[in-house]
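Each chain, letter by letter, is given below.
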Amino acid sequence: MIHSLFLINHSGDIFLEKHWKSVISHSVCDYFFEAKEKAVDPEDVPPVLQTPHHYLITVHRGKLFFLSVVQTEVPPLFVIEFLHRVADTFQDYFGECSESVIKDNVVTVYELLEEMLDNGFPLATESNVLKELIRPPTILRSVVNTLTGSSNVGDTLPTGQLSTIPWRRADVKYTNNEAYFDVIEEIDAILDKSGTTVFAEIQALCFSSHNPRLLDDVSFHPCVRFKRWESERTLSFIPPDGNFTLMNYHVSSQNPVAIPVYVKQSISFFESGPCGRLDITIGPKQTMGKTVEALMVKIHMPKAVLSANLTATQGNYTYDLPNKVLVWDIGKLNPQKLPNLKGILSLQAGAPKPEDNPSLNIDLRIQQVAISGLKVSRLEMFGEKYKPFKGVKYVTKAGKFQVRT
Amino acid sequence: MSVQNFPPIYSTVVEIFQWLKSVYKNISFPEKGSCLSSGRSLAPRGRRSCSSIGCIVSVPFGSHNNVWSTGRDPAIWEADTDAVYAALSHHLWSTFTAPEAKSSNEDLKEMLESNKESLKLEAMKRVVGLIAKGKNASELFPAVVKNVASKNIELKKLVYVYLVRYAEEQQDLALLSISTFQRALKEPNQFIRASALRVLSSIRVSIIVPIMMLAIKEASADMSPYVRKTAAHAIQKLYSLDPDQKEQLIEVIEKLLKDKSTLVAGSVVVAFDEVCPDRIDLIHKNYRKLCNLLVDVEEWGQVVIISMLTRYARTQFTSPWKEDNEKAFYESEEEKKDQTEATPYTMDPDHRLLLRNTKPLLQSRNTAVVMSVAQLYWHLAPKHEVNIVTKSLVRLLRSHREVQYIVLQNIATMSIQRKGMFEPFMKSFYVRSTDATHIKTLKLEILTNLANEANISTILREFQTYVKSQDKAFAAATIQAIGRCATDISEVTDTCLSGLVLLLSNRDETVVAESVVVIKKLLQTQPTQHSDIIKHMAKLFDNISVSMARASILWLMGEYCERVPKIAPDVLRKMAKTFTAEEDIVKLQTVNLAAKLYLTNSKQTKLLTQYILNLGKYDQSYDIRDRTRFVRQLIVPNEKSGALNKYARRILLAPKPAPMLESAFKDRDRFQLGTLSHSINSKATGYQELSDWPAVAPDQSVRNVEVVEPSSSESEEQSSDESDETSSDSGKSSSGSEKSSSESEPEQKKKTKTKKAPQKKSKAAAAVTAPSFGPVKTHELLHHMTGKGLSAKYHFPRQPCLYQPSMVAVQVILANSSDHSLEKIHIGDRSPAGLNIHCFNTIERLEPEASVTVSMGIDFSDSTQAANFQLCTKEDQFSVSIQPVVGELLMPSTMSEQDFSKEQGKLLGMNETSATVAMATANTSSQAVSKQVLSVANVGVVSSGPNDLHRFAGRTVSSGALVLVSLELKESSALLTINTEKSVMASMLLRDLKQALALA
């Protein structure tokens, strides 16, 4: 199983290493650095690498590489899933998963890694259990710890590991219980030049109770009783403490998906001079009567584009020269006055005219509507003698929403 | 500051230190060793700021308050905290000891040896910081190892981290710590036992192998499943340390495989895979149990169990794929259905059980679990059932980049064999411009695999978009893909070809080059109609500079020179001019072209050929010189060339088979899907081949679990032997009925299966006696508020269970406090799944205000783990749980005083637990003592003389292990001793007894 873990930053420094079996020299990472040199983008480094004696499985999160060393056959997804779980845990504990935060909390990180794997096999990966073993740091606690000499390690030992519901601590009691459900749906779509939908589907996190025929494929948090879902299409579960993803579902491309906005665009580069023209207008399409918010357009420009001189009727635009990314932050979409971005792109002199027009990546949010039409019809709670607060919120977002030009 | 007056105020300095740290906490003070971890390399920097800090520290010894108000700007602190901190500690400690040449490790050593807990902890944190950075901290070993027995949990944990890292290097010193772990292995707290075992087994020192072996054996019988899980991990560690222990370890594995806990199952299978993957016989008896437990096992365990069961199933069941066209299937693209099948295939019920029980896991949130189920279906399910995994795999494509990569690789392999599976989801494989290159390439691969006559136009339109991509490597891959579509689907060959020809005028060189190469391959398949294209390419030749493309065009010219008789010599003429400046690959093809033209059109090209051959003769590259010499001998007739010359035409202008444009994933199916080997396309270390289906299924009855009615006269060996026989008999005779009732069968078996009770086999000295009567405590099972009127209470009647001797009898009083009658009260699902409960018969009707007492039997397997089950009425289900008290897991045993002493003598050492109890005054009489003890535990009083020693004897219900309690009264206190091999039970019992005796 997992032999060692190295954390590597973008500049190629190994800033943390942990071995669960015998120690492996960090020179094994050289093979990874070699592959990283070859790749244009850090995302392009292959996740699985073979070296003469080891196999390197890498995950890229934030600006960090989690590189694990494996010596024998193991399902690669097993390792990848685990590494992401480690990153999630750091995120959960420290609010972000970055080099500085890990360096600041190196002891907690080490303690966590120690608990999460034994001999390379995952031991405790549930956040609720881990938090009982090792308390997450807070500013207050670290001050108190320094003054009193106490520590982050829990002094009571956890019970969750041993119960049949490992995701929940025993005896969680609060004076008031609240249950909030966020139904977050994301539209993945590819629109072509003429605005026709090439591909669209809805991905969602969280919760549903009815209209199950629509749901193509679901995955659940382990707390959901699967048998009940299969027979009655009701989600029945004992919730973990805190935030968690109850369920993911997917409405596939075979069902018609409402596309909330349309885009009229023309990007062209002149054959003659070193410049091009850009004109983008966005308007509402099927928004279910709600306002489209947080509208944003991101364009990865061809390398030759040097600068953009544009005028936006609404919102601001920025052009990030080193990364060649044009971002147009529109905000709320006003159906009466459609936002428009127009102007000139100047190209590097002498560079050939770009072959391909860049595609637009669109980000948006619609509050209080689940675009699939899904609704939480009923929410019941058992085992509590008082009436807890319950709330459901719907949000539709753009997932991987791309317009080709 | 003088060295002399330093020691007295030493603690003050430390306090200042702590205080400083708390003040600077929010400006990210590097307490975790991040500054010191750089060790000596920081020294110059540290020393630089040393002087400035020196004054700060020296001033405030009298008054803390102005420590940092001595003129240093906080901003400087912030900027320079690392250096400051290093310097501060450096300074403090270097002044404390010798002034110069003290490394920071030296400081740490002294902190570790101090007697202040906080200081030790601080030092350990920095040491861990060093380890995390991969710095050497081994010289601190003696100082660290002293703290191994610390009371502070965090300090202890950090010492453990250190020990595991360095024990191998410092073997002698590491041995000092061993006794601490041995002690900890006997702790009542399961987490302490588990972590002691974890560390003990991680210390890779071969001297302690016997100790580890002993610890593993004990832990594998521990009451806590968590400890047993740790034992399973320790097996692998010990095996890698000393493979000679294999046989003994296999015994432990065998024992743990029988474990019913969901916590243990995954870990023991990992151990099995590592130590003895070939011992399939160990799995037989546990196969059904594993299948049934699977849904409840933790997610990581699920992955390993599923892949192990996949391999198992391939050795035990016959192929569900139709025999006669199985081979053909691999070649064919669509599933062939053979309606006229001679021998009807019936699936082994165990095979079906596995498929059925893994299916729900497709809904897991863990991508590795989903993938492992998908591969299981791929390798084991009948062909028409494999489709159910498609959706789940497509769902995984929403996950992280790395997950996508692996899943796409597997889909690529699957889609070669079975287009139909993924064709409806074709659009999910459309490429986005933001995808990583390797993801794009994989998606392209899959789209190409999915292409057929019906969807090719859609796919080609999509490809046209990709060709224009800014990512040129991807564009080139797309051209390759178009080439593959063109060869695979003859309808579109022409369309593709003309599309590729258009690309020849593309501005980008790589695109053009790739097109040329692909066109070359396509033309080879049908050269007759395409002289136009060859001409076109000749025209473009001047503008193409990528050598691979130039070489391809030259080869085409040579190969089809008779179709372009006018152009070919001209191309050769141009090449003669630029020959010296070309790349090797182009030169070689020029020589080829020259030779071919010489043979077909020697009139026009003789001189040119001579010239080129001469240039080649003096080329720098020996390959070219070599080739030139060979070609000259071959084509130009002279006396030395001999017979070969006659065949020159046939050699050079032989018809050549067209190259196959194939998927890179063509042969990946030799590896089990989802494995590392599949991902890297070569056999990884430790990869276990998936065997072919056996032609004839091995004996199925090996998986039957013993069905033995408890019969008291049999010894253990006899009973298991006999049961094997009987069950295999029944397996053969009733194989037909077994198949039909496959679902209920394993469960039934489990229900009737008894724990082999070793009580008969062991000592005959003690026999089970009549129950001892103590006060009966009633516990609530279900409150009438939660039970919608149904309430339930239970107590332990302390009677031997009627149903099975290994069960604890429980009486349940059911009452109806609602206003309507309740119907069909019965017991539903239970957990853990393997829980052995004898249920009461369904109560058809319970009137309002009525109550009824029913008895049940539960096999707690000598553990205090709660038995959870569902109490069901006609309308509702209520989850309830019975939590046994340790004393109720015993049954009394009578024995004489002599027998008691004899047995006690055998259970000394680790099997003995004792404590001094403060006795409440009311409890000093022997009657009161007996009453209190009996109230806690179901044990029998051993009659003894009128002294102050009270003895009680009992056996655990499930395994029949002796539990001996003795109490020696000494005025107001008493020495309470418990002797039993069940050490965990002993410590729990001890605690309960202590409480009971201390109270009134």
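Residues numbered from 1 in each chain as written. Chains lettered and ligands numbered in written order. Predicted model: local features only at pLDDT ≥ 70, side-chain atom pairs only at ≥ 80, totals over all residues. Heavy atoms only, no water.

Under an unreviewed UniProt entry, the name given to chain B is AP-3 complex subunit beta, and the source organism is Cyclopterus lumpus. Its UniProt record gives chain B the following Sequence similarities (unreviewed entry) comment, quoted word for word: "Belongs to the adaptor complexes large subunit family." (UniProt positions renumbered as here; feature names shortened; annotations may be inferred.)

The name an unreviewed UniProt entry gives chain A is AP-3 complex subunit mu-1, with Cyclopterus lumpus as the organism. Database annotation for chain A, UniProt heading Sequence similarities (unreviewed entry): "Belongs to the adaptor complexes medium subunit family."

Right, let's get into the confidence of the model for chain A. Averaged over all residues, the pLDDT of chain A is 79; the fraction at 70 or higher stands at 79%. Scored below 50 in pLDDT, residues 207–214 of chain A makes 29 contacts in the model with residues more than four places away or belonging to other chains. (pLDDT = per-residue confidence, 0-100. Contact = heavy atoms within 4.5 Å.)

What follows is about the sheet that holds strand β4 (residues 808–816) of chain B. Residue and element names in this part refer to chain B. A sheet is described by the order of its strands in space; here five strands give the open sequence β2-β3-β4-β8-β6, paired in antiparallel fashion. Of all the strands in the sheet, the pair left with one neighbour each is β2 (779–782) and β6 (836–838). Averaged over all pairs of adjacent strands, the angle between their axes in this sheet comes to 30°, without regard to strand direction. Alignment of β2 against strand β3 (residues 790–795), held across three bridges, turns out to be antiparallel. Bridge pairing in β3 places E780 opposite K793. (Pairing = 2+ DSSP bridges. Helix = DSSP H or I, 4+ residues; strand = E, 2+ residues; numbered from the N terminus. Axes fitted to C-alpha atoms, helices over the stretch in contact; angles between N-to-C directions.)

Strand pairing in a sheet relies on backbone hydrogen bonds. The paired strands run either parallel or antiparallel. Residue and element names in this part refer to chain A. Pairing is antiparallel across the open sheet formed by five strands, whose spatial order is β2-β1-β5-β4-β3. Each end of this open sheet is capped by a strand with a single partner; those strands are β2 (14–19) and β3 (48–50). Strand-to-strand twist in this sheet, taken as the mean axis angle between neighbours without regard to direction, amounts to 20°. Relative to β2, strand β1 (residues 2–9) is paired through five bridges, and the arrangement is antiparallel.

Let's shift gears to helix α1 (residues 30–38) of chain A. All names here are of chain A. If you check which residues of α1 are buried, you get F32, F33, A35 and K36. Buried residues of α1 fall within an arc of 160° about the axis and therefore sit on the same side. In α1, the exposed positions angled more than 90 degrees off the buried face are occupied by E37 and K38. The secondary structure elements touched by the buried residues of α1 are β1, β2, β3, β4 (55–61) and β5 (64–70). (Buried < 20%, exposed > 50% of the residue type's maximum accessible area, 1.4 Å probe, protein only. Arc of directions from axis to C-beta.)

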